[in-house]
Structure formats: C-alpha cells, structure tokens
Amino acid sequence: MQRSALFDQLRATDVYDLAIIGGGATGLGVALDAASRGYKVVLLEAHDFAKGTSSRATKLVHGGVRYLAQGNLSLVREALHERAVLLNNAPHIAQPLAFVMPSYKWWETAFYGIGLKLYDLLAGKSAIGSTQFLNKQEVLDRLPQVQSTGLRGGVQYWDGQFDDARLALEIARTAQKKGALVLNYCSVESLFHQHHKLSGLKCKDTETGSVFDINAKCVINATGVWVDGIRAMDAESSGEKIETMVTPSQGVHLVVDRSFLSKDFALLVPSTQDGRVLFAVPWLGKVILGTTDTPRNDLPIEPMAFSQEVDFILQESSRYLSKAPTRADVRSVWVGLRPLVKPQKTTSGNTKGLSREHTILVSESGLVTVTGGKWTTYRAMAEDVLQQCLNAGLITKSDKPPTTADCPLVGAPRSKERYVSIPLTHQQGAHSYGTEQSLLSTLPGCETWLCEGLSEAMVRFAVRYEYARTVEDVLARRSRLLFLDAQSALDLSDKVATILLSEEIHNPQLQQFKKLAMSYLLTSQE
Ligand SMILES: Cc1cc2nc3c(=O)[nH]c(=O)nc-3n(C[C@H](O)[C@H](O)[C@H](O)COP(=O)(O)OP(=O)(O)OC[C@H]3O[C@@H](n4cnc5c(N)ncnc54)[C@H](O)[C@@H]3O)c2cc1C
C-alpha cells in the first residue's frame, strides 16, 4: 500500500458522492456502507484510524445491561441484534464472552437474574447463550479470585468482546476493497460552500503539508467528540454561531495481569458505591478494569486520568477481588472521551431524535453530523446516516441495496464451520489475523519474535497492508501492546522503529512514541 498512490487516487476524482471526516467507528462504518452501495467515497482521518475514542472502549460487544435497567427495551433489542451481526462478520476479533455478576445480598441473584432472562428474551434469534443462576461454588469456579466472604451465589450471562482498534482497521480495509478511498494522517482544515450549500472541503496531508481541495455532494462529520469544531467551520460561511452539541465525559481503564482474574469469565459489578457499573474483563492476556464517567471541558486527543478516577477503580475492584490490585500492579492506563449529546434545536427542523442514543443532524448547508451511540451499533448507525443523506436529497438512491449486515470483514472466514478461533482473552498472535495468517506467513520475519505475540512480520504487515505510518500506529493499534503493558511497548519501540525504517517509513516518530508510552504508565498520570 503506497501512500503516494492513495493521494494520486484522491487527485483523480472530480466529485465524490460522500466525503467523510473522521476515521473512528462511526466514519468507517459509513464509508463501508456507502462503498458497498456503489457510491464514490473518500474518508479523511486527521491522525491514525481509531486514534480517538474508538481504540479506548471497554471492548464489549453488548446490548447494554444498563439500558435494560432504564427500561429502554427497543434500544437494547437493536443492540443485541447488532451484537450478533458483529460477532458473525468478524469472528477472529469479536467473540462471545461469559460475564458473572456475584451476589452478596439476598435479593441480588433473583433481581439481576430475572432482568438478564429478559435480556435473553429480547435477543431472540440473536441470543449467544443463556443466563444461568449460580450457587456460591459455581461463582468461585468461574471467578476464583472473587471475594468469597459473604458471597451467596450469582448470575452468569453472555455478551461479546472485541479488539476495537483492529476492528476499525478491518472495516477500513473492507471499505477500501469495496472501492472507498480511506486516508489517515489527512486532516480537514476547512469547508467550502457554493450558494450557501456545502460543496467540499480542504484537507492537508499532515506528513508532507500538501493541501487538497475535494468536491463532494455530501460531507459527513463523524468526528466523535470533535464534531462541534467541524460544525463551526460549516457555520462560518454564513457568519452564524453554532450551539455546541457535545458535552465530553471521560472514561478511564486500568490494565492488570491475568493473576487478578485467571479464567475466561468477566466480572460485572452492577452497582458500585456511587451507582455505576464496573467491569473486570480478561482481554488479550491481561485484565481491563473500568470505567469512570467524569465530565471535562477540554477535548485532548490524549486525555489523562485524574488521580481520583484511578483510586475509584482500584478501591471498587478491591471490594470484589480477594487480592486487591494496587497502583504498582497497573501495566497501562488509558482514557477515552464519550461524546454525550445535548438535546438540539435546529431552524431547519432537520434533526433525528435520539432513536439509538446517537444523533444525526443535517445543517442548513447540508453538513451531516453524526455522533454518540456505541461501537456495537456502528453498522446500524451507518445505515441511518445513509438514510438521512437520501432523505435530505444530498445523494441519489443507489441500485445496490445495503449489504453490511452480511458482509464478512477482511480476515473473517467465509464459512464458520471449519473456523476454530483462539479466544480474545488470550494474547494476540498470528491467529488475530484470521484468514490473513497465510499472507502474514509469507512476509520476512514471520519467525522472528520481538516479544510474545508480536513478530517482525506483523510490523511489516502493518505497514504494507494496514496503513501504519509510525511506531505508535504499530504498538498502540495494530499490536495493542501500549494498551496492555506500556513499559514493554516502550522497551520494544527501538526495534519497531528500525523495521519501519527498513520498510521506507522515513520518520517513524520514535521519540514521540517514547513520550506517549511514558504517559500510559500510571506513575506519570498524576
Ligand atoms: C470509556 C469508554 C468506553 C466505551 N466502551 C464501549 C464498549 O465497551 N462497547 C461499545 O460498543 N462502545 C463503547 N464505547 C463507545 C464507543 O467507543 C464510541 O461510541 C465510538 O468509539 C465512537 O466512535 P466515533 O467514530 O464516533 O469517534 P472517534 O473514535 O473519536 O473518531 C473520531 C475521529 O475523528 C477524527 N477527527 C477529528 N477532527 C478531524 C478533522 N478535522 N479531520 C479529520 N479527522 C478528524 C479524530 O482524530 C478521530 O479519530 C465506549 C466509549 C468510552 C468513552
């Protein structure tokens, strides 16, 4: 994959049907849907794909037990359907996982168990396993490290887990196979209008500084918590001021070793001392503890945890785990920003309500903004976006129907029958590439291991097929080492940089990565 060839392709198209700003779950989902319907699509991402919120999720493919408690049944039903679709389309990186809720109060097993039986019912044909009532021993068999004092029993239910950043890459590559042009390190700098209607945008290759004008019938703003910046660019042409739609809130995750949760079962605490949900999830050979929900006023691309958030996660975890994790046990800490959407008033009346906790807003000039929602429902959100573009007359109907519900992503096997996947609770490895393992094994260095789970060939694969441009791209989002063990990622960075140089990446940004990796160590977060 030659980056210069991608820019030649960008120059070669006069007018795109859709130009999508933002290469997270939302933008990539729209790119895949639109390309599969035959539209001419370009997607521009300012940093790397999934550099924003989309690599910082709790990694759950879920219907949302929380929404069940709120009585939002249609939302849960739809998410459960999407859960099944995702597990089907990407079984190498999205799989079912059993969750256990331990009960310490007499009423908890019955109360949560009945709710989760309803969860199974709502899933209908999309169910992936049945809720089970557990006695004390059955809970301890699944979660040997759970606090046994006062334990009465529990409930086991099923949801899914996934590798968020790798899923984003597989969606990008599938969209590319279907004809979309997707570019990372290409930021949108301004929008242009004709007769008060949005007609295109100016973007910049952040590696070379080259600037490109792109004409598009429809521009999609899928920039997550950053949508208001693009909306302000749109409003500039008419001299209007926008009413901001996003209030950011951050969620922190801490990563500890598997010794804190050794079996392939996740722990769910349905109500922490301040009424939140807390997860301990085995993932890629480590355990993720999280998360928090803390409002903030700024929008940094690399948010840092607040000390009290770290204390909260450690304290709550130690109430449920017999061996309490301490700061010294934390291998990595990462933070994601949720785009919480305020209710909107628009002059055009062209709003879409909060049908699935995401919002789509079409401005007077025709800018389509989509934000909110969750990773699990990215595909359904994309369908909604396309429908809104059609309703607003920004694009004409395509002859091809949407096909993303049954669209195996790159790396997914065509037939499930002979496919044996290694669980996502296990360390990354060649199996993480699904059907592309054979391609991976043809690259130089497939037997040269930089650490367990990361070979020289995987670094080369990242550059040649997965759009990687820097050490960070490789160690944060192709391999997930930065998110799993920041010190190990730091220790490997020189070797990765050397391989990138040999792949003709002239500036792999090694020093920038070292600085970043230091900030994922808990000691530098305070
Ligand atoms: C803590 C936390 C935990 C979560 N856990 C889960 C979970 O377990 N399961 C689940 O289903 N969902 C989960 N979610 C929700 C899910 O992660 C988000 O809904 C999803 O990632 C949002 O994707 P997005 O594409 O809208 O935003 P982002 O991923 O943030 O993408 C927006 C992109 O736009 C780019 N951009 C910004 N400005 C420009 C510009 N000018 N030009 C070009 N590009 C630009 C950014 O660089 C960024 O990459 C979680 C969210 C949080 C915060």
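Residues numbered from 1 in each chain as written. Predicted model: local features only at pLDDT ≥ 70, side-chain atom pairs only at ≥ 80, totals over all residues. Heavy atoms only, no water.

S.K.: Outline the overall build of the protein, listing residues and values.
M.R.: Helix and strand content of the protein: 16 helices and 21 strands. For 526 residues, the compact-globule estimate of 2.2 N^0.38 gives 24 Å, and the C-alpha radius of gyration of the protein, at 23 Å, lies within 12% of that figure. Once the C-alpha set of the protein is aligned to its principal axes, its extents read approximately 70 × 55 × 50 Å. Among the 526 residues that make up the protein, the fraction classed as buried is 59%. Sequence-distant contacts in the protein: of pairs separated by 6 or more residues, those separated by 24 or more amount to 71%. (Helix = DSSP H or I, 4+ residues; strand = E, 2+ residues; numbered from the N terminus. Rg over C-alpha atoms; globule rule 2.2 N^0.38 Å. Buried < 20%, exposed > 50% of the residue type's maximum accessible area, 1.4 Å probe, protein only. Contact = heavy atoms within 4.5 Å.)

S.K.: Break down the nonpolar core for me, with residues and values.
M.R.: Within the largest apolar cluster, 71 residues are counted, with the highest numbers of intra-cluster contacts made by Leu-10, Leu-44, Leu-167, Leu-201, Cys-203, Ile-220 and Val-368. Not counting residues up to four positions away in its chain, the partners in contact with Leu-201 are Ala-19, Ile-21, Leu-44, Val-188, Ser-190, Leu-191, Phe-192, Phe-212, Asp-213, Ile-214 and Val-219. In terms of nonpolar packing, the next biggest core, distinct from the first, is built from 41 residues, Leu-450, Leu-475, Ile-499 and Leu-516 among them. (Core = buried A, V, L, I, M, F, W, Y, C linked by side-chain atoms within 4.5 Å.)

S.K.: Quick rundown of the site of the ligand? Include the residues and the values.
M.R.: Close to the ligand lie 35 residues, the nearest being Thr-26, Glu-45, Ser-54, Leu-60 and Thr-376. For the ligand, an oxygen atom lies 3.1 Å from a polar atom in the backbone of Ala-25. Here a nitrogen atom of the ligand and a backbone polar atom of Ala-46 are 3.1 Å apart. Of all the secondary-structure elements, those providing two or more residues to the shell around the ligand are helix H2 (25-36), strand S8 (186-194), strand S11 (246-257) and strand S16 (332-341). (Near = heavy atom within 4 Å. Polar contact = N/O pair within 3.5 Å; in protein donor to acceptor, adjacent residues only side chain to side chain.)

S.K.: Account for the environment of Arg-460, naming residues and giving values.
M.R.: Summarising the element assignment, Arg-460 is placed in helix H12 (residues 456-465). A C-alpha to C-alpha distance of 9.4 Å links Arg-460 and Val-474, two positions 14 residues apart in sequence. Sequence-distant contacts of Arg-460, that is, excluding residues within four places in its chain, are made with Leu-443, Pro-444, Ile-499, Ser-502 and Glu-503.

S.K.: Describe the pairing of strand S1 (residues 15-21), naming the residues involved and giving the relevant values.
M.R.: Of all seven residues that make up S1, six are buried, and the element is covered over most of its length. Pairing of S1 with strand S10 (residues 211-221), which is carried by six bridges, proceeds in the parallel orientation. Bridging from a neighbouring strand, Tyr-16 pairs with Ala-216 of S10. Strand direction decides the pairing type here: S1 and strand S2 (residues 41-44), joined by four bridges, are parallel. Its bridge partner being in S2, Ile-21 is matched across the sheet by Leu-44. Taken together, S1, H2 and S2 constitute a β-α-β crossover, and its handedness is right-handed. (Pairing = 2+ DSSP bridges. Right-handed = clockwise from strand over helix to strand, strands pointing away.)

S.K.: Got a sec to walk through the pairing of strand S19 (residues 368-372)? Specific residues and values, please.
M.R.: Of all five residues making up S19, five are buried, and the element is well covered by its neighbours. Sheet topology places S10 next to S19; two bridges connect them, and they run parallel. Looking at the pairing, Ile-220 lines up with Val-368 of S19. Where strand S18 (residues 358-362) lies against S19, five bridges are found, and the strand directions are antiparallel. In the sheet register, Val-362 faces S19, and the bridge partner there is Val-368. Counting the residues between successive antiparallel strands, the hairpin from S18 to S19 contains five residues, one of them, Gly-366, with a positive phi of roughly 105°.

S.K.: Describe the packing of helix H4 (residues 73-89) against helix H10 (residues 378-391), and please don't skip the residues or the numbers.
M.R.: Relative orientation of the contacting elements H4 and H10 amounts to 110°, with a least axis distance of 8 Å. Regarding the angle of H4 to H10, the classification is roughly perpendicular. In contact with Glu-78, Glu-82, Val-85 and Leu-86 of H4, H10 contributes Tyr-378, Arg-379 and Ala-380. Taken together, the residues of the contact of H4 with H10 break down into four nonpolar, no polar and three charged. (Axes fitted to C-alpha atoms, helices over the stretch in contact; angles between N-to-C directions. Parallel < 35°, antiparallel > 145°, perpendicular 65-115°, else oblique. Nonpolar A, V, L, I, M, F, W, Y, C, P; charged D, E, K, R; others polar.)

S.K.: Explain helix H8 (residues 227-236) to me, using residue names and the numbers behind them.
M.R.: Extensive coverage of H8 is indicated by the burial of seven of its ten residues. Turning to H8, its buried residues number three or more, namely Val-227, Asp-228, Ile-230, Arg-231, Met-233, Asp-234 and Ala-235.

S.K.: Requested: an account of the packing of aromatic side chains, with residues and values cited.
M.R.: Tallied over the full model, the rule gives 15 aromatic pairs. Their ring planes at 80° and their centres at 5.6 Å tell us that Trp-107 and Phe-111 sit as a pair that is edge-to-face. Phe-111 gets classed as exposed once you look at its relative accessible area, which sits at 53%. When the centroid spacing of 6.1 Å and the interplanar angle of 40° are considered together, the rings of Trp-107 and Tyr-112 count as tilted. Given the relative accessible area of 18%, Tyr-112 is considered buried. (Phe/Tyr/Trp six-rings, centres within 6.5 Å; stacked < 30°, edge-to-face > 60°.)

S.K.: Quick one: what's the story with the packing of H2 against H10, residue by residue and with numbers?
M.R.: At a closest axis distance of 8 Å, the pairing of H2 and H10 adopts a crossing angle of 60°. Relative to H10, H2 is oriented so that their crossing is right-handed. Residues Ala-25, Thr-26, Gly-29, Val-30, Asp-33 and Ala-34 of H2 touch H10, and the partners they reach there are Tyr-378, Met-381, Ala-382, Glu-383, Val-385 and Leu-386. Broken down by class, the residue content of the contact of H2 with H10 amounts to eight nonpolar, two polar and two charged. (Left-handed = near helix turned anticlockwise from the far one by under 90°.)

S.K.: Tell me about the side chain of Arg-477, and name the residues and values.
M.R.: Position of Arg-477 relative to the elements: it lies in helix H13 (residues 471-478). Polar contacts involving the side chain of Arg-477 include one to the side chain of Asp-48, which spans 2.7 Å. Here Asp-473 takes part through its side chain, which lies 3.0 Å from a polar atom of the side chain of Arg-477. With near-sequence residues (within four places) excluded, Arg-477 lies in contact with Asp-48, Phe-49, Ala-50, Lys-51, Ser-55, Ala-165, Arg-166, Leu-169, Tyr-185 and Glu-472.

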